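# Fold and contact review
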Amino acid sequence: METKRVMTLIGKEQAVIGKTFRLYSIPNECRQCKLFNICVARLRPGRVYRIAEVKHVGLPQPNKCLLTGEDMVPIIAEELPIVIPIPTKLFIEGVVITYVKSLITCNDARKYLPNEEVLKEGTKVRIVKETGRVRCNNENYILAEVIPLD
């Protein structure tokens, strides 16, 4: 499975290989920080990332986060797939489709619909694999892991 990898910064205490994190939003303090472009600017709000590598750099004075006060260290993070409901007739593993927000009305499938911040309508996504199935108003959906290609 191909995953998008991005170099970013994280607090030294959180920099553990295999640990996952989600960026819910970008605080104003971050936008004013001198590290913004090499830190959270590279991440997408709402997406989940797993730490793949921690880079150890011998800087004499590590930079501190304006929010937490922690020393920041560079990491390589992999963006994890998003699970969305896809109509059964559109599901083909490995295929790239354009995400269209479905008009799902039942709660079993609706809870898997990502908000606009996580996945915008019209975004191309690669279908990775099936994780489950759900039936909604006489329609079958496959819960699929997808990787956004934005």
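Right above here is the structure, for reference.
So, how was this worked out
Residues numbered from 1 in each chain as written. Predicted model: local features only at pLDDT ≥ 70, side-chain atom pairs only at ≥ 80, totals over all residues. Heavy atoms only, no water. Helix = DSSP H or I, 4+ residues; strand = E, 2+ residues; numbered from the N terminus. Buried < 20%, exposed > 50% of the residue type's maximum accessible area, 1.4 Å probe, protein only. Lys, Arg positive; Asp, Glu negative; His and termini not counted. Salt bridge = Lys/Arg side-chain N within 4 Å of Asp/Glu carboxyl O. Polar contact = N/O pair within 3.5 Å; in protein donor to acceptor, adjacent residues only side chain to side chain. Contact = heavy atoms within 4.5 Å. Pairing = 2+ DSSP bridges. Axes fitted to C-alpha atoms, helices over the stretch in contact; angles between N-to-C directions. Core = buried A, V, L, I, M, F, W, Y, C linked by side-chain atoms within 4.5 Å.

Considering the arrangement of structural elements, one finds Glu70 in the loop between β3 (48-54) and β4 (72-79). Despite its burial, Glu70 pairs with no opposite charge; the closest candidate is Lys19, at 8.2 Å N-O. Only 3.4 Å separates the side chain of Glu70 from the backbone nitrogen of Glu13, close enough to count as a polar contact. In this structure, Glu70 is in contact with Gly11, Lys12, Glu13, Gln14, Asn63, Lys64 and Cys65, ignoring residues within four places of it in sequence.

Here we take up the sheet that holds β4. The four strands are arranged β1-β4-β3-β2 in an open sheet whose pairing can be described as antiparallel. The two strands at the open ends of the sheet, each matched to only one other strand, are β1 (5-11) and β2 (20-22). Averaged over all neighbouring strand pairs, the angle between strand axes comes to 45 degrees, with direction disregarded. Relative to β4, β3 runs antiparallel, the two sharing five bridges. Pairing of Arg50 across the sheet is with Glu78, part of β4.

With that settled, consider the nonpolar core. Membership of the largest hydrophobic core comes to 22 residues, with the highest contact counts inside it found for Ile10, Phe21, Val40 and Ile75. Listed by contribution, the elements that provide at least two residues to this core are β1, β3 and β4. Formed by 21 residues, the second largest nonpolar core is a distinct cluster that contains Ile82, Phe91, Cys136 and Ile142.

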